[in-house]
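Residues per chain, in single letters:
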Amino acid sequence: MVVETAAGEVAFLAARVLFGGVLAFMGLNHFTSVDEIAGYAEFKGLPLPRFSVVASGVLLVGGGLGIVAGVLPVLAAGALAVFLLVSAVTMHDFWAVPEEDAQDEMTGFLKNVSMAGGALALLAVGGQEWPYAVGVAVF
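Within every chain, residues take consecutive numbers counted from 1 along the sequence as written. Two thresholds apply to this predicted model, a pLDDT of at least 70 for residue-level local features and 80 or more for giving and counting side-chain atom pairs, whereas whole-chain, interface and lining totals are computed over all residues. Where side-chain values are given, they derive from all heavy atoms of the structure, hydrogens and water being excluded.

A.B. asks: Please explain the layout of surface pockets as it appears in this structure.
C.D. replies: Empty space among the atoms becomes visible once a probe the size of a water molecule is rolled across them. Of the two site types, the cavity is a set of points on a 1 Å grid over the protein atoms alone where a 1.4 Å probe fits but cannot get out, and the pocket is an open set with protein on both sides within 12 Å along at least five of seven lines, each lined by residues with an atom within 4 Å of a point. Grid points are joined across faces, edges and corners, and a volume is the space filled by probe spheres set on the points. Roughly 540 Å³ of volume is contained in the largest pocket. If you trace the largest pocket, you find 23 residues lining it, with His-30, Ser-56, Phe-83, Ser-87 and Met-91 closest to the centre. Starting at the N terminus, helices and strands are each numbered in turn, a helix being any DSSP run of H or I of at least four residues and a strand any DSSP run of E of at least two. Of all the secondary structure elements, the ones that give two or more residues to the lining of the largest pocket are α1 (6–32), α2 (34–43), α3 (49–69), α4 (73–91) and α5 (99–124). Among the elements that take part in the lining of the largest pocket, α3 stands out by supplying seven residues, more than any other. Residues are grouped as follows: Ala, Val, Leu, Ile, Met, Phe, Trp, Tyr, Cys and Pro are nonpolar; Asp, Glu, Lys and Arg are charged; every other residue, Gly included, is polar. For the lining of the largest pocket, a count of residues per class yields 14 nonpolar, eight polar and one charged.

Structure (structure tokens):
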């Protein structure tokens, strides 16, 4: 078991809801703002920007809900970690933008990197039993 006290179980669930819920919400924004986000993705040089926005929305919603519910946690956490690290470098390249945009891009970069760290921590415990989880796991 990931935690061994009732308080720890509740805290772990709260962490999953906060972390996964934010990512799922971010994914929903990919669907409600497809044109705006696709325009930004195209500006950043992403191939197939509209498809990339929809696919990343699916990954964020699915991965986020997987973390919240404890469904396929290794897959959910691993996919989120990879996505967050790749998008940090490709979408928030603060080192390659004009100075007036650098702070906003650095904030986005650091947000993605820190959330990737959270996803990696969940990946590390993904093979263990999670409290208050549906408990569907492949690995």
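A.B. asks: When you look at the nonpolar core in this model, what are you seeing that I'm missing?
C.D. replies: Looking at soluble globular proteins, one finds that nonpolar side chains tend to be buried together. Phe-19, Leu-23, Ile-67 and Leu-122 are the most contacted members of the largest nonpolar core, which has 18 residues in total. Of all the secondary-structure elements, those providing two or more residues to this core are α1, α3, α4 and α5. Take this core: its biggest share by element is six residues, from α4. Excluding residues that lie within four positions of it along the chain, Phe-19 makes contacts with Ile-67, Met-115, Gly-118, Ala-119 and Leu-122. Throughout this description, the term nonpolar core refers to a set of buried Ala, Val, Leu, Ile, Met, Phe, Trp, Tyr and Cys residues connected via side-chain atoms within 4.5 Å. Throughout this description, buried means an accessible area under 20% of the type-specific maximum (1.4 Å probe, protein chains only), exposed means over 50%, and partly exposed covers the range between. Two residues form a contact once any of their heavy atoms are found within 4.5 Å.

A.B. asks: Sorry if this is basic, but what is going on with the packing of aromatic side chains here?
C.D. replies: The geometry of two aromatic rings is summed up by the distance between their centres and the angle between their planes. In this scheme Phe, Tyr and Trp rings, the latter by its six-membered ring, pair at centre separations within 6.5 Å, and the angle between planes marks the pair as stacked below 30 degrees, edge-to-face above 60, and tilted otherwise. All chains considered together, the criterion is met by five aromatic pairs. Between the aromatic rings of Phe-12 and Trp-130, the centroid separation amounts to 5.3 Å while the plane-to-plane angle is 85°, which identifies the pairing as edge-to-face. Here the residue Phe-12 occupies a position in helix α1, and Trp-130 occupies one in the segment after α5, the gap between them amounting to 118 residues. We classify Phe-12 as buried; its relative accessible area is 12%. Relative accessible area serves as the criterion here: at 6%, Trp-130 is assigned to the buried category.

A.B. asks: Where do I start with α2 in this structure?
C.D. replies: An α-helix turns once every 3.6 residues. As a result, residues three or four positions apart point the same way. Where α2 is concerned, the buried positions are Val-34, Ala-38 and Ala-41. Buried residues of α2, viewed axially, fall in a sector of 60°; they line one side. Exposed residues on α2 whose side chains face more than 90 degrees from its buried face are Asp-35, Glu-36 and Phe-43. Each element contacted by the buried residues of α2 is listed here: α1, α3 and α4. A positive phi of about 90° marks Gly-45, the residue just after α2. Read the arc as the range of directions from the helix axis to the C-beta atoms.

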